[in-house]
Amino acid sequence: MSICMFQSLLLCALLTCGAGRVAQISYVGCYQDGDNSNRDLTALKGVSRLGLYTIDANIGIINNGDMSLEFCSDVCSLGGFPYFGVQFSEQCFCGTSYGLHGKLDDSKCDMQCAGNSLQTCGGFGTSSIFSLAYPKNNFYKMLKNSTLTVETSKTSFWPAATPSVMHCLAKCSARADCQAAVFSKRLLACHLLAFAYPPASLTGPDWTLYQRG
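Residues numbered from 1 in each chain as written. Predicted model: local features only at pLDDT ≥ 70, side-chain atom pairs only at ≥ 80, totals over all residues. Heavy atoms only, no water.

Describe the UniProt feature "domain: WSC" (unreviewed entry) in the protein, with residues and values.
Sequence positions flagged by UniProt for "domain: WSC" (unreviewed entry) are, in local numbering, residues 24-133. Across residues 24-133, helical content stands at 8% and strand content at 40%; the span's end C-alpha atoms are separated by 5 Å. (UniProt positions renumbered as here; feature names shortened; annotations may be inferred. Helix = DSSP H or I, 4+ residues; strand = E, 2+ residues; numbered from the N terminus.)

Give me the lowdown on the domain arrangement of the protein, citing residues and values where you can.
Taken domain by domain, the protein holds domain 1 (24-133) and domain 2 (140-212). Centre-to-centre separation of domain 1 and domain 2, based on C-alpha positions: 27 Å. The largest contributions to the domain 1 side of the interface with domain 2 come from R49, G51 and L78, which together make up 39% of the buried area. Inspection of the domain 1/domain 2 interface yields zero salt bridges. At the junction of domain 1 and domain 2, the tally comes to eight residue pairs in polar contact (both at pLDDT 80 or more). Looking at the side of domain 1 that touches domain 2 residue by residue, the class counts come to seven nonpolar, seven polar and two charged. (Domains from an automatic or database assignment. Buried area = accessible area lost by both parts, 1.4 Å probe. Salt bridge = Lys/Arg side-chain N within 4 Å of Asp/Glu carboxyl O. Polar contact = N/O pair within 3.5 Å; in protein donor to acceptor, adjacent residues only side chain to side chain. Nonpolar A, V, L, I, M, F, W, Y, C, P; charged D, E, K, R; others polar.)

I'd love a proper account of helix α3 (residues 165-173), names of residues and values included.
Taken as a whole, α3 has its buried residues at V165, M166, C168, L169, C172 and S173. One side of α3 carries all its buried residues, which in axial view fall inside an arc of 160°. (Buried < 20%, exposed > 50% of the residue type's maximum accessible area, 1.4 Å probe, protein only. Arc of directions from axis to C-beta.)

Lay out the state of the cysteines with the relevant residues and their values.
Under the counting rule described, the total for this entry stands at six disulfides. Here C113 connects covalently by a disulfide to C121, the sulfurs 1.9 Å from one another. On the sign convention where negative means left-handed, the S-S torsion of about 90° between C113 and C121 marks this disulfide as right-handed. With respect to class, C113 is no different from C121; both count as buried. Note on cysteine connectivity: C168 is disulfide-linked to C190, with sulfurs 2.1 Å apart. (Disulfide = S-S within 2.5 Å.)

Give me the lowdown on the packing of aromatic side chains, citing residues and values where you can.
Scanning the entire structure with this criterion turns up seven aromatic pairs. An angle of 65° between the planes, with centres 6.2 Å apart, marks the rings of F81 and F195 as edge-to-face. With F81 in the loop between α2 (69-77) and β5 (83-87) and F195 in the loop between β15 (189-193) and β16 (208-212), this residue pair connects regions lying 114 residues apart in the sequence. Grouping residues by exposure puts F81 and F195 together as buried. Among the aromatic residues, those joined into a ring-pair cluster are Y27, F84 and F130. We note R175 situated over the ring of W158; from NZ or CZ to the ring centre the distance is 4.5 Å. (Phe/Tyr/Trp six-rings, centres within 6.5 Å; stacked < 30°, edge-to-face > 60°. Lys NZ or Arg CZ within 6 Å of the ring centre and 35° of its normal.)

If you had to explain the pairing of β5 to someone new, which residues and values would you point to?
Summarising burial for β5: four of the five residues are buried, a large majority. As defined by bridge partners, β5 adjoins strand β6 (residues 91-95) across five bridges and the pair is classed as antiparallel. If you follow F84 over to β6, its bridge partner there is C94. Relative to strand β10 (residues 126-133), β5 runs antiparallel, the two being bridged by five bridges. (Pairing = 2+ DSSP bridges.)

Go over unusual backbone geometry, please, and point to the residues and values.
With phi around 55°, F88 is a residue other than glycine that occupies positive phi space. When you line up the elements, F88 lands in the loop between β5 and β6. A positive phi angle, close to 75°, is found at S89, a residue other than glycine. The residue S89 is located in the loop between β5 and β6 in this model. Residue S89 is classed as buried on the basis of its relative accessible area, which comes to 15%.

Shown next, in the form of structure tokens:
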């Protein structure tokens, strides 16, 4: 078998047609939240758009009338965050830690989710917090000509010197904070992404997006 054929087979094994990153949701508990200047879950602070989702970048909060556990977990999985919290029926937060203001009895989180009345989405000033566990695999979904982007004041991508897309994805797989990668065959350029979508500067016909599965 030639080296080129072997590399092609390895790349095929890395790619999947799955629909986004899968995560296992586990309930952690009901927790007190702070005011807008001292929130418990702040991982989205500084992010104003993430794919289809609009975020209040000053607080790191998403307000949506279709809020559910699945909705919020989908948003937070785009950044690979380990925790999410739902609050006041229609609010979603993402975080890397939780519990800043203390744990409460579950009865303090008693509001139905706006998008699913069978689920609980926190209360007034209280969050139902869940953990997200991601599968340990190295599969990617390839998206050509994707127009969805991330808008953030944070550093959201890093250049990586690689001679091929296979090496680019291997670099992403080696980092827990890499959620996707973009590669340009023409430019022989690779960028690792902190979110599942790139900034607008890394979109267009030159770039192909590979989202981690």
